[in-house]
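Structural description and commentary
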Amino acid sequence: MFFIDTLELEGLGNRSYLAGGAHTAVAVDPPRDVDQVLAAAARRGVRISHVVETHVHNDYVTGGLDLARLTGAAYLVPAAARVSFDRTPVHDGDTFAVDDGLTLRALATPGHTPHHTSYVLEEWGSAVAAFTGGSLLIGTVGRPDLVEPRLTEELARAQHASARRLAAELPDETQVLPTHGFGSFCSSAQADGDATTIGKEKAGNDALVQDVDSFVSALLAGLDDVPAYYAHMGPANAAGPAPVDLTAPPVADAADIAARLAAGEWVVDLRTRIAFARGHVAGSFNFEADGKVATYLAWLIPWGKPVTLLAESPEQLAKAQRELARVGIDRPAAAATGEPAEWISANEELRSFPRATFADLAALDPYEYRIVLDVRRDSERADGWIKDSVHIPIHQLHRRQHELLAGVVWVHCAGGMRAGIAASLLDAAGRDVVAVDDSFDAARSAGLPMVTGPRSDS
């Protein structure tokens, strides 16, 4: 009997897998923090014989090279991938023995990248699962625009062909186990469900029900923004990432925190947006540890800028440090835990700003001047927005704050998390801000005037 264990990387919206038999196993698309993969293997009592990459990743730093070093496993990487380290190059049709009766077979599935490769797990010659990486996902496919703009349409067409190859060559009952699609921006859309098979995808995946021209047209029209830090992930993975270091960073006291802020470094408060609004160190930014801290901090921070983390507990700090290491923010410059009053000197005061709902915004005197700032992405705003609101997506706000006129800024997103980030950025810049911590669905029911149709440039 074979097993397949799924390792959820919720913050990044990805999955990694450990699959094998009684004695040995293969690790697929492992995260940077390989200790969790090793722990999964230890629980199963198996040796990792192969570490597999479906492609050179654009959204996180891989732990594959380090895991292969630690375990002595063969490191399987598509042959066409341009990398700077020794590996076992994988070609279409190659097979690898995993355990008694278990074999891994490589299928070239270009589209997400030119060299993308899927791996079919076979038990006594019968396909039981396909590790599809960024090719065929649950209800969608991986996006084709992360490699080179000139290749985007070509890769979109290759994505269509690759999905159809998987559907044609594998039995309907074969499990489809993608890496992307659970919130990662490497997916062209959010996964439609939690589990799937080839047969289910044949019934509803656009790549398998639409002709190639219709599929490519719709896919390219629906592509979303690309996080800025993606530009650093591919080169880091191609060069061969260094082993991760998750030891505790140096402890920062109030004077150190003040000095780092004065030097222009980023001081990031990991507490909830509710706690941050109530009281925080002036000049600090709020990226909730329980939100998508790695995605949004890595997206917004100038790459290489030193970061100091403030957390309510050592556990919260360690969790965030682990997530940040997955996207190449390896070593916080310093950190502090406890309460915000401990992070300022005796002659300083904490900052705060109000939180509100869309009903609160609707209840304001219509003649009272205020700025309504929408920090959702273009694709979200296209479905409707509050009349006369200003639109600056969250990932552009740090460099476009000067576009906002003077006055109180009521900032909102789709649910509250990004509004909290944006409010902290504006507060740090000395603006009067109100964080709308509410679902955007409530804006219309609150009676706010709405606009729908083609997106405006406001």
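Residues numbered from 1 in each chain as written. Predicted model: local features only at pLDDT ≥ 70, side-chain atom pairs only at ≥ 80, totals over all residues. Heavy atoms only, no water.

A closer look at the overall build of the protein chain
The line we're drawing: Runs of H or I in DSSP of at least four residues are treated as helices and runs of E of at least two as strands, each being numbered from the N terminus. Relative accessibility decides the category of a residue: with a 1.4 Å probe and only protein chains considered, values under 20% of the type maximum give buried, values over 50% give exposed, and everything between is partly exposed. Contacts are assigned to residue pairs that have any heavy atoms within 4.5 Å of one another. What sets the accessible areas is the Shrake-Rupley method with a 1.4 Å probe; for residues, cover comes only from the shown protein chains. Neither His nor the chain ends is counted toward charge; the positive residues are Lys and Arg and the negative residues Asp and Glu. By convention, charge coordinates are those of NZ in Lys, CZ in Arg, CG in Asp, or CD in Glu.
Secondary structure summary: the protein chain contains 16 helices and 22 strands in total. Dimensions of the protein chain along its principal axes, counting C-alpha atoms only, are 70 × 50 × 35 Å. Per-residue burial for the protein chain yields a buried fraction of 56% across its 458 residues. For the protein chain, contacts bridging at least 24 residues in sequence account for 69% of all contacts bridging at least 6. Element-wise, carbon and sulfur atoms account for 51% of the exposed surface of the protein chain, whose accessible area totals about 18300 Å². Taking the average location of the 39 positive side-chain charges in the protein chain and that of its 61 negative ones, the two points are 2 Å from each other.

Some words on the nonpolar core
Let me state the cut-off plainly: The nonpolar core is taken to be a set of buried Ala, Val, Leu, Ile, Met, Phe, Trp, Tyr and Cys residues, with the residues joined through side-chain atoms within 4.5 Å.
Formed by 53 residues in total, the largest nonpolar core has its most connected members in Trp 266, Phe 287, Leu 297 and Leu 373. Take this core: its biggest share by element is seven residues, from helix H10 (residues 293-300). Those residues within four positions of Leu 297 in sequence are excluded, and the remaining contacts are Trp 266, Val 268, Phe 287, Val 307, Leu 324 and Ile 329. Ranked by size, the runner-up nonpolar core spans 22 residues in total, among them Leu 7, Leu 18, Val 56 and Phe 85.

Here we look at the side chain of Asn 286
Condition: Pairs of N or O atoms are called polar contacts if they sit within 3.5 Å, as long as, within protein, a hydrogen donor faces a hydrogen acceptor (for residues adjacent in sequence, only side-chain-to-side-chain pairs).
Note that Asn 286 resides in strand E13 (residues 285-286). You can call Asn 286 buried: its relative accessible area is 2%. Of the polar contacts made by the side chain of Asn 286, one reaches the backbone oxygen of Arg 271; its length is 3.0 Å. Not counting chain neighbours up to four residues away, the residues in contact with Asn 286 comprise Asp 269, Arg 271, Thr 272, Arg 273, Phe 276, Gly 420, Ile 421 and Ser 424.

Side note on the packing of helix H3 (residues 152-169) against helix H6 (residues 212-221)
Note the threshold: To obtain each axis, a line is fitted to C-alpha atoms, and for helices this fit is confined to the stretch in contact; angles are then taken between N-to-C directions over 0 to 180 degrees. Should an angle fall under 35 degrees it is taken as roughly parallel, and over 145 as roughly antiparallel, whereas 65 to 115 is taken as roughly perpendicular and any remaining angle as oblique. Here a crossing is called left-handed whenever its near helix is offset anticlockwise from the far helix by less than a right angle, and right-handed whenever the offset is clockwise. By the convention adopted, Pro, Cys, Tyr, Trp, Phe, Met, Ile, Leu, Val and Ala count as nonpolar, Lys, Arg, Asp and Glu as charged, and the other residues, Gly among them, as polar.
Direction vectors running N to C along H3 and H6 enclose 125°, while the axes themselves pass 9 Å from each other. Taken as axis vectors, H3 and H6 run oblique relative to one another. Seen along the crossing, H3 lies across H6 with a hand that is right-handed. Note on element contacts: H6 touches H3 through Val 212, Asp 213, Phe 215, Val 216, Leu 219 and Leu 220, opposite Thr 152, Glu 153, Ala 156, Arg 157, Gln 159 and His 160. Across the contact of H3 with H6, the residue classes tally to six nonpolar, three polar and three charged.

Describing unusual backbone geometry
The backbone of Asp 29 shows a phi angle near 50°, a positive value even though the residue is not glycine. Locating Asp 29 in the fold gives a position in the loop between strand E3 (24-28) and helix H1 (35-44). According to the relative accessible area criterion, Asp 29 is buried, its value standing at 0%. Phi at Trp 124 is positive, roughly 50°, even though this residue is not glycine. Of note, Trp 124 is situated in the loop between strand E9 (117-123) and strand E10 (126-133).

Some thoughts on the sheet that holds E9
Two orientations exist for strands paired in a sheet by backbone hydrogen bonds: parallel and antiparallel. Rules: In this description, strands pair whenever DSSP reports at least two bridges between them.
The five strands lie next to each other as E7-E8-E9-E10-E11, forming an open sheet whose pairing is mixed. Each edge of the open sheet carries a strand with a single partner, namely strand E7 (95-99) and strand E11 (175-178). Within the sheet, the average angular offset between the axes of one strand and its neighbour, ignoring direction, is 25°. Sheet topology note: the E10/E11 ladder contains four bridges and is parallel. Across the sheet, Gly 133 pairs through a bridge with Pro 178, a residue of E11. The sheet contacts of H3 involve strand E8 (102-108), E9 and E10, and relative to E8 the element is tilted by about 145°.

Quick word on the pairing of strand E1 (residues 3-9)
Of the two faces of E1, only the one carrying Phe 3, Asp 5, Leu 7 and Leu 9 is buried; Ile 4, Thr 6 and Glu 8 on the other face are not. Examined bridge by bridge, E1 and strand E2 (residues 14-20) share seven bridges and lie antiparallel to one another. Across the sheet, residue Thr 6 finds its bridge partner in E2, namely Tyr 17. Counted between consecutive antiparallel strands, the loop separating E1 from E2 contains four residues, among which Gly 13 sits at a positive phi close to 75°.

A word on the pattern of salt bridges
The criterion, for reference: When a carboxyl oxygen of Asp or Glu is within 4 Å of a side-chain nitrogen of Lys or Arg, the pair counts as a salt bridge.
Scanning the model with the defined rule gives 31 salt bridges in all. In this structure, the salt-bridge partner of Arg 44 is Asp 5, at a minimum N-O distance of 2.7 Å. Separated by 39 residues along the polypeptide, Arg 44 in helix H1 and Asp 5 in strand E1 bring together distant segments of the chain. Note on Asp 5: relative accessible area 17%, which makes it buried.

Side note on the environment of Phe 285
Counting through the fold element by element, Phe 285 comes out in strand E13. Residues Phe 285 and Leu 177 lie 108 residues apart in sequence; the distance between their C-alpha atoms is 37 Å. Among residues more than four places away in sequence, those in contact with Phe 285 are Trp 266, Val 267, Val 268, Asp 269, Phe 276, His 398, Ser 424, Leu 425 and Ala 428.

Remarks on the pairing of E7
Where E7 meets E8, four bridges bridge the pair, whose relative direction is antiparallel. Within E8, the residue paired with Ala 97 across the bridge is Thr 103. Counting the residues between successive antiparallel strands, the hairpin from E7 to E8 contains two residues, one of them, Gly 101, with a positive phi of roughly 80°.

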